[in-house]
Amino acid sequence: MSRWWTCLAELAESKVAEPGDDLTSLLVEHRTNGTITLDELVDTLILVLAAGHQTTINFFTNSLLALLTHPDQLELVRAGEVSWEAVTESVLAWDSPVGQSPFRYPTQDIEIGGALIRAGEPVMMSYAALGRDPAHHGPLAASFVAARDTRHLSFGHGPHFCVGAPLARLEAHIALPAFFNRFDTELAVPAKEVEPFPSLALNGIRALPAVIRPRAGAAAGV
Ligand code: HEM
C-alpha cells in the first residue's frame, strides 16, 4: 500500500468524524451509503491529485516560457491589449501541458482518416496536435501569439473531458497576472537549453532557470 493511499485513507477517516464542504466529505458520504468502496474513494482522490498536479505545473512553466521568449506579446498583455484569459487559452493551444492521451482501445474496428484501427489495438491520441495544426490555425499555427485562435483539445474531449478545467483556468487567471505584475523575469539560459520533461504523455520542462526581480512599483502582497 503506497504512502499516498495511507494518507488519503486517513484524510477520509478524519472526514467521517468531521465532514466539511469538500470533495473528500462528499465521497465519504457515498462510501457510507455503500455507493462506492473505500478503494474507489481513495483511488478517486489519488486521481484528482495526480491529474491536477503535474498538468498545472506544466501549464505555468509553459506559460512563463512562452511569455519570456516572446516579450512583445508580454508587453501587449501588460498594456491591457490582451487579457490574461486570452493568454491562458493561447498557451493551452500552443504548448499543451498534456501532450498525448494514455492508450485507448477501440471496442470495434474503426476507420479514421483512411486508417483502419482494429478492435483492441492500442491508440494514443495527441491533445497537443490540434493547437499547432496549420489546417486549423493557418500559417501562424507554430508561432506563439498571445491572442491567437484558441481552438484546442488540451483538456481532452468527450466523457473524460478534464473535470478540473474550470479550476485550472481560475488558477491561471489569478496566478499569471499576480506573477507578472509583481516580478520582472528573464531566462538565465538560452531558450533552446531549457530541457523538456522526459515523458510520453506530459508536455512540460524539467526546470526554468530564470532571474526574478521585484517589479518597480509592484505591491508586496499578491
Ligand atoms: C492546465 C491544467 C490541466 C490540464 C492541461 C489537464 C488536462 C486533462 C486532460 C487532457 C484530461 C483527459 C484525459 C483523458 O482523455 O483520459 C484530463 C482529465 C482529468 N483531469 Fe485534468 N488537466 C488539468 C488540470 C486539472 C486539475 C487542476 C484537476 C483537479 C484538481 C484535474 C483533474 C482531472 C481529472 C480527475 C481527470 C479525469 C476525468 C475523467 O476521466 O473523467 N485536471 N485533464
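Residues numbered from 1 in each chain as written. Predicted model: local features only at pLDDT ≥ 70, side-chain atom pairs only at ≥ 80, totals over all residues. Heavy atoms only, no water.

Enquirer: Mind showing me how you'd approach the coordination of the iron atom of the ligand here?
Expert: Under ideal tetrahedral coordination, the four donors around a metal are separated by 109.5 degrees; under ideal octahedral coordination, the six donors are separated by 90 or 180 degrees. Exactly one donor from the protein chain reaches the iron atom of the ligand: Cys162 (SG), at 2.3 Å. When you line up the elements, cysteine 162 lands in the loop between helix 6 (134-137) and helix 7 (165-182). (Donors = N, O, S within 2.8 Å, 3.2 Å for Na, K, Ca; no water. Helix = DSSP H or I, 4+ residues; strand = E, 2+ residues; numbered from the N terminus.)

Enquirer: For this particular structure, what's the right way to read helix 4 (residues 71-78)?
Expert: What sets the pattern is the α-helix's 3.6 residues per turn: residues three or four places apart point alike. Of all the positions in helix 4, only Gln73, Leu74 and Val77 are classed as buried. Burial along helix 4 is one-sided: seen end-on, the buried residues are contained in an arc of 100°. Check the buried side of helix 4 and you find it contacts helix 3 (38-68), helix 5 (84-94) and helix 7. Downstream of helix 4 by a residue or two, glycine 80 has a phi angle that is positive, lying close to 85°. (Buried < 20%, exposed > 50% of the residue type's maximum accessible area, 1.4 Å probe, protein only. Arc of directions from axis to C-beta. Contact = heavy atoms within 4.5 Å.)

Enquirer: So what exactly am I meant to see when it comes to the site of the ligand here?
Expert: Contacts to the ligand come from 21 residues, most closely from Gly52, Arg104, Tyr127, His160 and Cys162. Between the ligand and arginine 104 there is a distance of 2.3 Å, counted from an oxygen atom to a side-chain nitrogen or oxygen. Histidine 160 has a polar side-chain atom sitting 2.7 Å from an oxygen atom of the ligand. No other element matches the 7 residues that helix 3 contributes to the shell around the ligand. (Near = heavy atom within 4 Å. Polar contact = N/O pair within 3.5 Å; in protein donor to acceptor, adjacent residues only side chain to side chain.)

Enquirer: Hey, could you run me through the pattern of salt bridges in this one?
Expert: It is possible for side chains bearing opposite charge to pair when their charged atoms get close. Applying the stated rule across the entire model yields 7 salt bridges. A salt bridge links lysine 15 to aspartate 22; the shortest N-O distance between them is 3.1 Å. With relative accessibility at 27%, the residue aspartate 22 sits in the partly exposed group. Across the salt bridge formed by arginine 213 and glutamate 186, the nearest N and O atoms sit 3.2 Å from each other. Of this pair, arginine 213 sits in strand 4 (residues 210-214) while glutamate 186 sits in strand 3 (residues 183-187), and the two are 27 residues apart along the sequence. The exposure class assigned to glutamate 186 is partly exposed, which follows from its relative accessible area of 42%. Among the charged side chains, a network of salt bridges with common partners joins Arg78, Asp184 and Arg215. (Salt bridge = Lys/Arg side-chain N within 4 Å of Asp/Glu carboxyl O.)

Enquirer: Looking at this model, I keep getting lost on the nonpolar core. Mind explaining?
Expert: Soluble globular proteins: nonpolar side chains tend toward being buried together. Within the largest apolar cluster, 25 residues are counted, with the highest numbers of intra-cluster contacts made by Leu67, Trp84, Val87, Phe144 and Phe180. If you list the elements that add at least two residues to this core, you get helix 3, helix 4, helix 5 and helix 7. If one sorts the elements of this core by residue count, helix 3 sits on top with 6 residues. Those residues within four positions of phenylalanine 144 in sequence are excluded, and the remaining contacts are Ala66, Leu67, His70, Gln73, Ser90, Val91 and Trp94. Listed in part, the 10 residues of the second largest apolar core include Ala9, Leu27, Leu41 and Val42. (Core = buried A, V, L, I, M, F, W, Y, C linked by side-chain atoms within 4.5 Å.)

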